[in-house]
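Residue strings, one per chain:
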Amino acid sequence: MQLFVNKKLLILSFVACRLNASTTKQLNDIMKFTCSSAQLAERVQVISRVLGNKNTNPVFNFLYFSIKEGVLTIVGSDGDTSLSGTLQVDDAEGNVDILLLGNQICAILPKLGDQPLTFNIDERSYSVEITTMGGKYNYIGQSAAEYPQAKQLDAARTVELSLDVATLQKGIAHTAFATCDDELRPVMQGIYVDMTPDGLNFVATDARQLALYQITDKTFSEPASFILPGKTANTLKTLLAKEQGDVRIYFDGSALLIQTANYRMVARLIEGRFPNYKAVIPQETVMSAIIDTDGFKMAFDRVSLCASDNNLVRMRFEDGRVSLLSQDIDFSLSGEESLPCQFSGAGIEIGVKAKYMTGILQNLPSDQVEIKLIDATRPMLLLPVTQAENTKTTMLLTPMTL
């Protein structure tokens, strides 16, 4: 009888030990950390911009979350561009890698305001519990084992460029609008960054309009260049809005690495030969008009509402005035406005596509614009009357046939 009791106690003790070990293991499989919802939302919203809407690989619908030694790294990718950001977290217990659906996590974070969030991540089931000050939210993630790594640059071919955030922002902002959306002309779908002995040039064109932003005090003894894809440029412009300090840029002819204080971007470059942009910029003109930029743009916006499907607006320059005219014969519509200007030269009437003109005026960094003309068929120049120090902005627009 005593032997039976001792044996039963031994079995119960063994079971209890197994349960305790199992419980301890389950607790060890739970990874925890705490962070600010506002800071996390900011990182996630920027990084999620690279996620595509029609991904051929489903893994690119996910954001990669990695905790290592109290630092959260978030990665998003569409296969061509990979963007990662870091965030210091509190009370981190352990390390973990997990994938979370981008659209799910992006939907909730901006609505939480600014409050502490506690993440509990089960490394075995990939379940995630996010605890807020007033509730909790549960998600199911996936293993990060198969998530693709960002492309590595060829160290032997890599060129380095350092710019302050504001300079890179302006270079993108003043040119990105002129990129081409025609897939048959891929080299025009991005911004051409040209490092020359005369300065650093940002250029974009779609063959009808051209935007050139030059930084004259940034010169290079050895010329180099790359074409930054338009989508990557727009994501970068958003990213830089809240960044400070310097931006480190590395490129090797096929890929680009951009490093800021909080983000790291690796992107595939557009390969090919960019058009000779300097050859199409007129060196001499015979007519010139100086006009208030905002007033001219708003007048174009109004008059273009009466234009036909081709969006044609006529500009008639005369002594001291510029008139804008449009019409749509099919609907018996017409519009006309006249504005004061400082005009020199013979009178001229020239046609332009309204959306191109308004796009240029919107991105011209000056209260007044100078329009330089040769005739009604050749490209016109649009220049800011006041250029910022050590910079030069040049816009070019090809007329339409009247």
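Residues numbered from 1 in each chain as written. Predicted model: local features only at pLDDT ≥ 70, side-chain atom pairs only at ≥ 80, totals over all residues. Heavy atoms only, no water.

## Topic: helix α2 (residues 37–47)
An α-helical turn contains 3.6 residues, so a residue and the one three or four places further along point in the same direction.
And then number 1: Of all the positions in α2, only S37, L40, A41, R43, V44, V46 and I47 are classed as buried.
And then number 2: A side-chain oxygen of the first residue of α2 lies 3.3 Å from the backbone nitrogen of A38; this N-cap is S36. (Buried < 20%, exposed > 50% of the residue type's maximum accessible area, 1.4 Å probe, protein only. Helix = DSSP H or I, 4+ residues; strand = E, 2+ residues; numbered from the N terminus. Polar contact = N/O pair within 3.5 Å; in protein donor to acceptor, adjacent residues only side chain to side chain.)

## Quick notes on empty space enclosed by the protein
And then number 1: Within this structure, the stated rule accounts for 2 cavities of 30 Å³ or more.
And then number 2: Going through the elements one at a time, β10 (159–164) and β14 (224–229) are the ones with two or more residues in the lining of the largest cavity.
And then number 3: Space inside the second largest cavity adds up to approximately 30 Å³.
And then number 4: Put simply, the parts of the chain that give the lining of the second largest cavity at least two residues each are β6 (96–101), α3 (102–108) and β9 (136–140).
And then number 5: Per-class residue counts for the lining of the second largest cavity are 5 nonpolar, 1 polar and no charged. (1 Å grid on protein atoms, 1.4 Å probe; cavity = no way out; pocket = protein on both sides within 12 Å on 5 of 7 lines; lining within 4 Å. Points joined across faces, edges and corners; volume = space filled by probe spheres on them. Nonpolar A, V, L, I, M, F, W, Y, C, P; charged D, E, K, R; others polar.)

## A look at the sheet that holds strand β2 (residues 62–68)
And then number 1: An order of β6-β2-β3-β4-β17-β16-β15-β10 is seen for the 8 strands of this open sheet, with the pairing classed as antiparallel. Both outer strands of the open sheet, β6 and β10, are each paired with one neighbouring strand and no more. Neighbour-to-neighbour, the strand axes of this sheet turn through a mean angle of 15°, independent of strand direction.
And then number 2: Judged from the 7 bridges that link them, strand β3 (residues 71–77) and strand β4 (residues 81–88) form a sheet pairing that is antiparallel. Bridge assignment links T73 to a residue of β4, and that residue is T86.
And then number 3: Against the sheet, helix α4 (residues 165–173) engages β10 and β15 (246–251), with an angle of about 100° to β10. (Pairing = 2+ DSSP bridges. Axes fitted to C-alpha atoms, helices over the stretch in contact; angles between N-to-C directions. Contact = heavy atoms within 4.5 Å.)

## Considerations on the packing of aromatic side chains
The geometry of an aromatic ring pair is captured by the separation of the ring centres together with the interplanar angle, meaning the angle of the planes.
And then number 1: Enumeration over the complete set of coordinates arrives at 7 aromatic pairs.
And then number 2: Both rings, one in Y192 and one in Y277, keep their centres 6.1 Å apart while their planes meet at 65°; by these two values the pair is edge-to-face. Within this pair, whereas Y192 is found in strand β11 (residues 190–196), its partner Y277 is found in the loop between β17 (263–268) and β18 (287–292), the two being separated by 85 residues in sequence. In this pair, the class of Y192 matches that of Y277, namely buried.
And then number 3: The structure contains a cluster of three or more aromatic residues connected by ring pairs, namely Y192, F274 and Y277. (Phe/Tyr/Trp six-rings, centres within 6.5 Å; stacked < 30°, edge-to-face > 60°.)

## Remarks on the nonpolar core
Generally speaking, nonpolar side chains in soluble globular proteins are found buried as a group.
And then number 1: If you look at the biggest cluster of nonpolar residues, it comprises 61 residues, and the most contacted ones within it are L40, F65 and I249.
And then number 2: Here this core gets 5 residues from one element, more than from any other, and that element is α2.
And then number 3: With sequence-adjacent residues up to four places away left out, I249 is seen in contact with V159, E160, L161, L163, L168, F226, L256, L257 and I258.
And then number 4: With 34 residues, the next largest nonpolar core counts A178, V303, V313 and V322 among its residues. (Core = buried A, V, L, I, M, F, W, Y, C linked by side-chain atoms within 4.5 Å.)

## Describing the pairing of strand β24 (residues 368–373)
And then number 1: Two strands pair when backbone bridges link them, and β18 and β24 are joined in this way by 6 bridges, in the antiparallel orientation. Paired with D292 across the bridge in β24 is Q368.
And then number 2: Connecting β24 to the next strand, strand β25 (residues 380–384), in antiparallel fashion are 6 residues.

## Description of the sheet that holds strand β23 (residues 348–353)
And then number 1: Strands sit in the order β21-β20-β19-β23 across an open sheet of 4 strands; the sheet is antiparallel. In this open sheet, the two strands that pair with only one neighbour each are β21 (333–340) and β23. Averaged over all pairs of adjacent strands, the angle between their axes in this sheet comes to 20°, without regard to strand direction.
And then number 2: With 5 bridges joining them, strand β19 (residues 312–318) and strand β20 (residues 321–328) adopt antiparallel strand pairing. Note on β20: the bridge partner recorded for F317 is V322.
And then number 3: Running at roughly 170° to β21, helix α6 (residues 293–304) makes contact with β19, β20, β21 and β23 of the sheet.
And then number 4: Each of β19 and β23 touches helix α7 (residues 354–362); the most contacted strand, β23, lies at about 90° to it.

## Brief notes about α6
And then number 1: With 12 residues, α6 extends 16 Å between its outermost C-alpha atoms, agreeing within 8% with the 16 Å of an ideal straight helix rising 1.5 Å per residue.
And then number 2: With a side-chain oxygen lying 2.7 Å from the backbone nitrogen of G295, the N-terminal cap of α6 falls on D292. (Expected span 1.5 Å × (residues − 1).)

## Some words on the packing of α6 against α7
The axes of two packed helices give the description: the angle between them and the distance between them.
And then number 1: Remark: α6 packs on α7, axes separated minimally by 10 Å, with the N-to-C direction vectors making an angle of 155°. With respect to each other, α6 and α7 are oriented roughly antiparallel. In the crossing of α6 with α7, the sense of the turn from one axis to the other is left-handed. Of α7, the residues touching α6 (which contributes T293, F296, K297, F300, D301 and S304) are A354, M357, T358, L361 and Q362.
And then number 2: By residue class, the composition of the contact of α6 with α7 is 5 nonpolar, 4 polar and 2 charged. (Parallel < 35°, antiparallel > 145°, perpendicular 65-115°, else oblique. Left-handed = near helix turned anticlockwise from the far one by under 90°.)

## Observations concerning the packing of α4 against helix α5 (residues 230–240)
And then number 1: Look at α4 against α5: their axes get within 10 Å of each other, and the N-to-C directions meet at 140°. Relative to α5, the element α4 lies oblique. The two elements α4 and α5 cross, and the hand of that crossing is left-handed. Facing V165, L168, Q169, I172 and A173 of α4, the residues of α5 in contact are A233, L236, K237 and L240.
And then number 2: Classifying every residue of the contact of α4 with α5 gives 7 nonpolar, 1 polar and 1 charged.

## Comments concerning the side chain of D206
And then number 1: As for its placement among the helices and strands, D206 is situated in the loop between β12 (199–205) and β13 (209–215).
And then number 2: From its side chain, D206 meets the backbone nitrogen of R208 in a polar contact 2.9 Å long.
And then number 3: If we skip the residues at most four places from it in the chain, D206 touches A178, T179, C180, R185, M188 and Y356.

## A short note on unusual backbone geometry
And then number 1: Even without being a glycine, N311 presents a positive backbone phi close to 65°.
And then number 2: Considering the arrangement of structural elements, one finds N311 in the loop between α6 and β19.
And then number 3: N311 gets classed as buried once you look at its relative accessible area, which sits at 18%.
And then number 4: The phi dihedral of S332 falls on the positive side, at around 55°, and the residue is not glycine.
And then number 5: Tracing the sequence through the fold places S332 in the loop between β20 and β21.

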